[in-house]
Amino acid sequence: CTNMATPGPSATPDLQLVAQYVRSELGDILDKTPGPKDIIIQQELMPLLNHIASVKFLKSHEMDKVYRLEPQMRVPGYNRYYIVRPEIGSAYTISSHINKDMRDGVRINYNIVFVPRNLACCDYILEREGVLGQILIHEWNLYLIPLDEHILSLEIPDATQALYLHGDYTLLHSVAQSVLQLEVLYGGIKTFQAKGILSCKISDLLGRLREAYCIKDEAWGSHDVSELIMIDRSVDLVTPLCSQMTYEGMLDDTLGIRNGFIQVTKATTGRLTDTKVLVNSTDPVFKLIRGLLFSKAPIVLSRLTRELKGEYDSGKGAREISDLKAFVSQLPELKKKHESLSTHLRVSEKIVTQKKVEDFKRQLGYERAILECQDATGPIIEYIEECIQRQVTSLLPIRLLCLLSLTSGGIKSKYYQSMKLQYLQSYGYNHLSTFYTLEQLGLLRERTGDQLSYQSSFKQFNKALRLVPKYASSEEMEKVTDMSYVFGGAYLPLGCMAVKSVIENGNWKAMEDISKMWKGPTVSPSGTSAAPVGVKKKEKGAKSSNQGRRTIIVYFVGGCTFSEINALQYLGQELNCRIVVATTNIISATTLLECLVNSN
Amino acid sequence: SDSGPDKDTTVDMAERAADIQASATADWNPLGEIYVKRYSNYELDWGINLADYLVAMSPFAGPLALMPKQRQTSMKSEITIYTLAGKKISTITWEGGRVIELGWTLSENLVCVLEDGSMIIYDIFGQFLYSRIIQREIQTSRVQECKFFSYTDKDKVFGGFAVMTCNTEFYIIVDIDKGKDEVRIKKLAALPDASSKPGCWAPLCKESTSVIVTVEDRVYLLSHLDATLYEINCGKKSATCWMEVAVSLNGKAVALIDREGYMWAGTTDFKSSDTEFDLQLKQKVARVQMQWGEMDYFVLVIDRIMFVKGLGKHWCKYPMNGPCCLLAEVDGVRILTNTACEFIHRVSTKSLNVLRIGVMEPGALLNDAYKEYEGDESHKADEFVRFIKDKLSIAVSQCIEAAGEEFVPKVQKSLLKSANFGKGFLGSEIQPDLVNAFVETCRELRVLNSVRLSKIGIPITLRQYRRLSSGVFVDRLIYHGLYHLALEICEFLKIPPSEGTVKVLRNWALKKVQDKSMSDAEVAQKIKKKLKDANVVVSYGEIARAAMDAKRLTLAADLLRNEIFAQDQVPLLLEMDSDSTALEKAVESGDPKLIHQVLRQLKLKLTTERYYQMLHFRPVAAALYCKVLKETDQEQLLRLYRQESLFVESGCMYFAQSFTARDTDIRKQRLFDAQKEFRDAQDIFATKAIEEHAKLTTEVVKLGLKETATLSEAVIWCVKNRQPRQAEQLRKDFKMTDHQYWWAMIRGLCDIGDYAELDRFSKQKKPPIGFEAFAEVCITHDNYREAAKYIPKAALENKYHLYLRIQDYSKAADAAFQTRNIGGLDEVAIKAARTPEIVDLVRQMKAKLEGR
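The structure presented is a predicted model; accordingly, all values stated were derived computationally and were not measured.

Along the backbone of chain A there are 24 helices and 17 strands. For chain A, the spread of C-alpha atoms along the principal axes amounts to about 75 × 70 × 55 Å. The buried share of chain A, reckoned over its 600 residues, is 58%. Put simply, of all contacts in chain A between residues at least 6 apart along the chain, 79% involve residues at least 24 apart. Distance from the positive charge centre (69 side chains) to the negative charge centre (65 side chains) of chain A: 3 Å.

This brings us to the overall build of chain B. Of the regular secondary structure elements, chain B holds 35 helices and 29 strands. Over its C-alpha atoms chain B spans a radius of gyration of 49 Å, topping by over 25% the 29 Å that the globule rule assigns to 852 residues. Taken along the three principal axes of its C-alpha coordinates, chain B extends 145 × 75 × 60 Å. Looking at chain B residue by residue over its 852 residues, the buried ones come to 52%. Within chain B, counting contacts between residues at least 6 apart in sequence, those at least 24 apart form 50% of the total. When the accessible area of chain B is evaluated, it comes to approximately 40900 Å², of which 49% is carbon and sulfur surface.

This part takes up the sheet that holds strand 1 (residues 37-41) of chain A. All names here are of chain A. Spatially, 2-1-3-4-5 is the arrangement adopted by the five strands of the open sheet, whose pairing is parallel. Looking at which strands have only one partner, the edges of the open sheet turn out to be strand 2 (63-68) and strand 5 (135-139). Looking at each pair of strands side by side, their axes are set apart by 20° on average, direction ignored. Sheet analysis places strand 1 next to strand 2, joined by five bridges and oriented parallel. Following the sheet pairing, I39 is matched in strand 2 by V66.

What follows is about the interface of chain B and chain A. How large an interface is tends to be reported as the accessible area lost when its parts come together. Taken residue by residue, the interface counts 50 residues in chain B and 47 residues in chain A. In total, about 4300 Å² of surface goes out of reach between chain B and chain A, with carbon and sulfur atoms giving 57% of it. Where chain B touches chain A, the interface holds nine salt bridges. When the shortest N-O distance is used, the salt bridge between K361(A) and E827(B) registers 2.2 Å. The interface formed by chain B and chain A includes 19 residue pairs in polar contact (both at pLDDT 80 or more). Here the side of chain B that touches chain A is composed, by residue class, of 21 nonpolar, 13 polar and 16 charged.

Turning our eyes to something else, we now look at the packing of aromatic side chains. All names here are of chain B. In this structure the tally under the stated criterion is 34 aromatic pairs over all chains. Ring centres of F307 and W315 lie 5.5 Å apart, and the angle between their planes is 45°; on these two criteria the pair is classed as tilted. In this structure F307 comes out as buried when scored by relative accessible area, which is 8%. Measuring from centroid to centroid gives 4.1 Å for W742 and F761, while their planes differ by 35°, and the two rings are tilted. Taken together, the residues span a long stretch of sequence, with W742 in helix 28 (residues 738-751) and F761 in helix 29 (residues 755-764) at a distance of 19 residues. Residue classification places W742 among the buried residues on the basis of a relative accessible area of 3%. For F761, a relative accessible area of 5% corresponds to the buried category. Sitting above the plane of the W508 ring, K530 keeps its charged end 4.7 Å from the centroid. Above the ring of F734, the side-chain terminus of K695 is found at 5.0 Å from the ring centroid.

All names here are of chain A. On the basis of which strands lie adjacent, the open sheet formed by seven strands has the order 6-7-17-16-9-8-15 and mixed pairing. Two strands in the sheet have a free side with no partner beyond their single neighbour: strand 6 (145-148) and strand 15 (522-523). Taken together, the five bridges between strand 8 (residues 191-195) and strand 9 (residues 227-232) define a ladder with parallel strand orientation. Residue pairing across strands places K195 opposite I231, the latter belonging to strand 9.

Here we come to the packing of helix 26 (residues 711-720) of chain B against helix 27 (residues 724-733) of chain B. All names here are of chain B. Axis separation between helix 26 and helix 27 bottoms out at 8 Å; the angle between their running directions is 155°. The orientation of helix 26 with respect to helix 27, classified from their angle, is roughly antiparallel. Residues L711, A714, V715 and C718 of helix 26 form the contact with helix 27, whose participating residues are Q726, A727 and L730. For the contact of helix 26 with helix 27, the class distribution of residues is six nonpolar, one polar and no charged.

Enumeration according to the criterion identifies 81 salt bridges over all chains in this entry. For the salt bridge of K676(B) with D680(B), the shortest nitrogen-to-oxygen distance reads 3.5 Å. On the criterion of helical spacing, the pair formed by K676(B) and D680(B) is a turn pair, its members being four residues apart in helix 24 (residues 664-680). The exposure class of K676(B) is partly exposed, given its relative accessible area of 40%. The partner of K846(B) in a salt bridge is D826(B), and the shortest N-O contact between them spans 2.7 Å. With a gap of 20 residues between them, K846(B) in helix 35 (residues 836-851) and D826(B) in helix 34 (residues 822-831) connect regions that are remote in the sequence. If you follow the salt bridges from partner to partner, you end up with D359(A), R362(A), E386(A), R390(A), E776(B) and R805(B) in one network.

Next up on the list: the confidence of the model for chain B. Residues and elements named next belong to chain B. In the predicted model, chain B carries a mean pLDDT of 87, and the fraction of residues at 70 or more is 96%. The model gives residues 1-18 a pLDDT under 50, and that stretch makes 20 contacts with residues more than four places away or in other chains. Confidence estimates for the predicted assembly give a pTM of 0.74 and an ipTM of 0.86.

So, about the confidence of the model for chain A. Residues and elements named next belong to chain A. Counting all residues, the mean pLDDT for chain A is 86, and 91% of those residues have values of 70 or more. Considering each helix and strand of chain A separately, the mean pLDDT is smallest for helix 10 (residues 266-269), with a value of 74, and largest for strand 7 (residues 151-153), with 96. Note that pLDDT drops below 50 for residues 1-10; the model gives that stretch 21 contacts with residues more than four away or on any other chain.

This part covers helix 9 (residues 432-452) of chain B. Two residues of an α-helix separated by three or four positions point the same way, owing to the 3.6 residues in each turn. Residues and elements named next belong to chain B. With 21 residues, helix 9 extends 30 Å from end C-alpha to end C-alpha; this agrees with the ideal 30 Å at 1.5 Å per step. Buried within helix 9 we find L434, F438, T441, E444, L445, V447, L448, V451 and R452. Looking at the buried residues of helix 9, the elements they touch are strand 2 (34-43), helix 7 (392-404), helix 8 (409-426), helix 10 (462-468), helix 11 (470-479) and helix 12 (483-492).

Turning our attention to helix 21 (residues 494-505) of chain A. All names here are of chain A. Look at helix 21: 16 Å from first C-alpha to last across twelve residues, which is about the 16 Å you get at 1.5 Å a residue. Within helix 21, ten of the twelve residues are buried, which leaves the element mostly enclosed by the surrounding structure. All buried positions along helix 21 are accounted for by L494, G495, C496, M497, A498, V499, K500, S501, V502 and I503. Immediately downstream of helix 21, the backbone of G506 shows phi near 80°, a positive value.

This part is about empty space enclosed by the protein. Residues and elements named next belong to chain B. For the structure on display, the rule yields six cavities of 30 Å³ or more. Within this model, the second largest cavity holds a volume of roughly 90 Å³. Taken together, D331, F343, H345, G404, E405, E406, F407, R452, T461, L462 and R463 make up the lining of the second largest cavity. Looking at the lining of the second largest cavity, the elements that each hand over two or more residues are strand 29 (340-346) and helix 10.

What follows covers the pairing of strand 27 (residues 324-329) of chain B. Along any regular strand, the residues point their side chains to alternate faces of the sheet. Residues and elements named next belong to chain B. Among the six residues in strand 27, six count as buried, and that is most of the element. Alternating positions in strand 27 separate into two faces, C324, L326 and A328 on one and C325, L327 and E329 on the other, with burial throughout. As paired elements, strand 27 and strand 28 (residues 332-337) share six bridges and run antiparallel to each other. Paired with L326 across the bridge in strand 28 is I335. Hairpin remark: strand 27 followed by strand 28, antiparallel, with two residues in the connecting loop.

Generally, phi is negative for residues other than glycine and the peptide bonds are trans, each holding for most cases. For the bond running from V115(A) to P116(A), omega is -5°, close enough to zero to count as cis. Mapped onto the elements of the fold, P116(A) is located in the loop between strand 4 (109-114) and helix 5 (120-128). A positive phi angle is found at T168(B), which is not glycine, with a value near 55°. For T168(B), the position within the fold is in the loop between strand 12 (156-165) and strand 13 (170-174).

Conventions we followed
- Residues numbered from 1 in each chain as written.
- Chains lettered and ligands numbered in written order.
- Predicted model: local features only at pLDDT ≥ 70, side-chain atom pairs only at ≥ 80, totals over all residues.
- Heavy atoms only, no water.
- Helix = DSSP H or I, 4+ residues; strand = E, 2+ residues; numbered from the N terminus.
- Buried < 20%, exposed > 50% of the residue type's maximum accessible area, 1.4 Å probe, protein only.
- Contact = heavy atoms within 4.5 Å.
- Lys, Arg positive; Asp, Glu negative; His and termini not counted.
- Charge placed at Lys NZ, Arg CZ, Asp CG, Glu CD.
- Rg over C-alpha atoms; globule rule 2.2 N^0.38 Å.
- Areas by Shrake-Rupley, 256 points an atom, 1.4 Å probe, with all protein chains shown as cover.
- Pairing = 2+ DSSP bridges.
- Axes fitted to C-alpha atoms, helices over the stretch in contact; angles between N-to-C directions.
- Buried area = accessible area lost by both parts, 1.4 Å probe.
- Salt bridge = Lys/Arg side-chain N within 4 Å of Asp/Glu carboxyl O.
- Polar contact = N/O pair within 3.5 Å; in protein donor to acceptor, adjacent residues only side chain to side chain.
- Nonpolar A, V, L, I, M, F, W, Y, C, P; charged D, E, K, R; others polar.
- Phe/Tyr/Trp six-rings, centres within 6.5 Å; stacked < 30°, edge-to-face > 60°.
- Lys NZ or Arg CZ within 6 Å of the ring centre and 35° of its normal.
- Parallel < 35°, antiparallel > 145°, perpendicular 65-115°, else oblique.
- pLDDT = per-residue confidence, 0-100.
- Expected span 1.5 Å × (residues − 1).
- 1 Å grid on protein atoms, 1.4 Å probe; cavity = no way out; pocket = protein on both sides within 12 Å on 5 of 7 lines; lining within 4 Å.
- Points joined across faces, edges and corners; volume = space filled by probe spheres on them.

This is the structure we're talking about:
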């Protein structure tokens, strides 16, 4: 059910090439052991496999059955392929399987496919458990998954924490490899712009890898992708902490979109079981509403419902056999639309109920106040205190505290200590380390002593770029024609503004001029003229043609949100270029904070 | 008798040898339909009498090895390796047992097969590669004879040798180049006539390798499965006794000869014969050498006469003035004598088309035309060209092909000039293929001419070269140590660097590090310069490893510094015990795989203390190690944290363990440990928090709640269970703020629905968190009626919002009006769209506000 249809002709270059590439790699790996085989796959990789290879494809490589990796399991076949990340836990699990088989006297051909590469720490475990000699080890260089016709993701769920909290740079190498994979498929990328320490490290790594594979610029044939802009998440931590307001963003904030799927409970659908629904451009209804403000989605949904009814009715009105035939041939399409419509209607209903409980509107008001960087933080602190005391959700007060700290360059010691203590008393002292974690990630900061050293670059950007615009009326706010639309006109996402600036200027200088505190080194192509690379605003009324449109990949290192993806799609239309978003993982405030807060 | 030579044409032709063409055809000798040509590549002045030596030549004009024939079993001796031009390459001092036969593998390694059943392999520089016993049984049975073979057909090349033991058992040995343990040995089926001695034998390669053995007039084919007897239908009346057998390189043709000079040649299934012929020798011969040329002729040497035997009855002969050796090549037979290295081959059609006297092929006419043109007879040249006008392309192509067949540069040049002359007439209509063929042949001939020079001594023909491919050819030059020539050729033939220059320089450098005549610094300098000048990426790591193997550690370290790829550099650094640099380079490379590898190696190698020191300044590596420890060894991780003074980390970890440990005592201990760590970190807040946590745990257990209950939960529980005193106590004990306490009270009372008590509580004193809080909590409990009681007391700016939520739209409108909130009024209008009075009210209010 999960294979994506080929995207329309507008999608050049076709991101499905990536899937094809890694798919054939998997095929080769599976062919190395002839005969029927079972695949045992780590749970988190299962949906990724779904995106890459259909059951039919796996069957064509003599796959018998796919199992989820469990500590204890029974698998009947004699050829086994474990597909896992190079993690110690899975190495232990596999070792225990093999040792059990040996005790039972069963002889099996074991293969481990490490995704994307094997690491010595796994070898060490396998060797210590005495099973290394019996295993054929493969590496499946699965990096970017095309989740949609404009989204590529490494789908490493804990990427943000690994990079910014644990200092685990394993991922940087994967990012560099993934860029190289894109270059192999789409030709050399002419200009490479990077912002932030990690992105610059990746740029350096990429240079080394290119050298290692003896890749020179001339070697590339086509140049389907004209530039790549790589940006560290740490450059803009504010945006992912804001409540998302587009349909897609809201869906991720509330239900959670995991690897392109949402889990819809039986209570929501009225079906017998929970279902997984793929939400991307192959869903005709979702395609239309994904980028809209959530509040505007119902209008479109009801219009679509009326249209669908009309289409069904046209069947009733059919007299001639040929008309009926035409109608019947449309039925599967209609049915799909029908199903999709009912899912999204139910889902949005559910979200509305949930948001009512949280008193979403009031919360948004305070969020906006935080973004405006007002000097008086008293009312905001009071609201946060209320959230802590009322214990609606454990994430909300943390999220607001982080936002406040980021926009104002830290929280006054008096408030900070009090909030911290209240939080511990309300949610439990085990959250003590939560605060250290947040501080280490740079999301929270205690402001002691000297005020000047706590200037925030956000404030400066806010002022110069009018990130939080003021409107005369709410009508005007609704009619915005820039990227701030994704936050209902309330906020222009900083990271996306940086991307816009670098596309228009060809370098990061404009941004750096605004705030000297904008952290992290940059990489810009050498030798290119400082002049803008020739982006023209779309002429009003002029037809946009897809031919000759440049394609830009924006790569977020450390995760990006759906809102940002929506905003960049909007930017693409504005600048008449195609923007493909690549990321280590797709995040939301919920997913980002959840594992930090609940890890204790 | 018709058994004489066809015609003694040599003299006749020599007389007409007036020009180059004639000189090219002078040594052609007709043999039925075809011509053979004997050409001397090199005159040898080496004072060797081949009769006294074991001789081994290798195919594709490879090297040759000589060893004096041994008379006694163990005698000091020498094996000398020469080029075909007689230039000495190397000498091997021999002290081993009796050598039965010498031979070459396809990679030009020398194989010595000994009587005692062992084989010893050397490279062409006399370097010992390996030795092994062929097969245990042979040690006792001893080797009697040994024959090397090579098989060349279409795209397959394959070689090895066969031995016959003294008890007439046969073995086939192949895959010698793969190394000592990869050698494959196959024992063949026993010879049915085991009692009688075989007359002659030869290995035969087809689908599998077998051996042809003759016993008197019987011919057996021994495969590893069985022995097959073949009847040969031969015309000879008297009984024969075969004395020599030869098989063609492609395994398709076989020739047999008996002591009286009677010959039979045909297919290797012995079914059909194209030649049965009797030399009618006056006396029985003792020794015959026989080798196939191509499929339509073979060469025999009997008693100082060389016969070239064509198909049917055709033959010709050449006198030989001394002993000689023969070796079959893909396109002829190489002949080594005491004084020359020669090659005899059939004149190919390509040459005939252009050079045969009187031939009317376009190529020949073009060649003539050019000669006239050169001789200032341009009108004649014109006439010739006009004559072949339609076939000019063919003519050019024929001249190019003919040039490729020639050894003599002058002849090559003349033919290529003719071709070029013809090309001129084709103008722009010339086919690109033809241009390519011309350029390609010119290049190839230049390469071949340079290796054919006697100082190099590789008289390879164009056909042999193409059969080998340029890649393999370059490999051979590398193997011969002819790096300079190889480099030039790579550049000249435009071989891609990865298959050419890089390969050559890599091998050159690998060899150079073994050159003990130069100092480490000189070698390093030389290698670096050469690689830099060539501007190619050659792995310094590999060269450094070779230097290390040659026990030149300084050189290795010097070279390794130039390696740009960490994966080639780091493992070697570890081996050289440059641990710190290894870790540094691994971290620098950013390749997690490499970092893990180094971490693991170092962990095994170093003491814990030293290991921690190593990690100290390298956060990237330390992070990876911590990640591993987190999952495998938490105690170790704590030790590391303490070592690095990361008290907060260790404190958090102890604290976390205090929640997860099963045993109560351990939990207490962990809590204590955590507190100590935070104290060391001078974190007052955390130290106090942990203290409070411990206190709270005791309190909540006393209250009968579960251990994990939080302070808020405990207070709310007290309120709900009507234990105000306990609530008050907790408030005091934990210094709860008024805000905290009030929220807990309100929530507790609402939870149990005691709104009367709530009302009383609200009147106790002015609520520090405002009346809004009362309204809010009531709303979340869906009790709008109770909420409505508190809203009027709330601050003006909050009223609108609260009224809206309890759906009292008229009051909401009122509140919005009072705060001049037009957007608010709009919202009320939307929400209350079904109540016209309110919509109306809102409209009036809006008008009032905007009207002003």
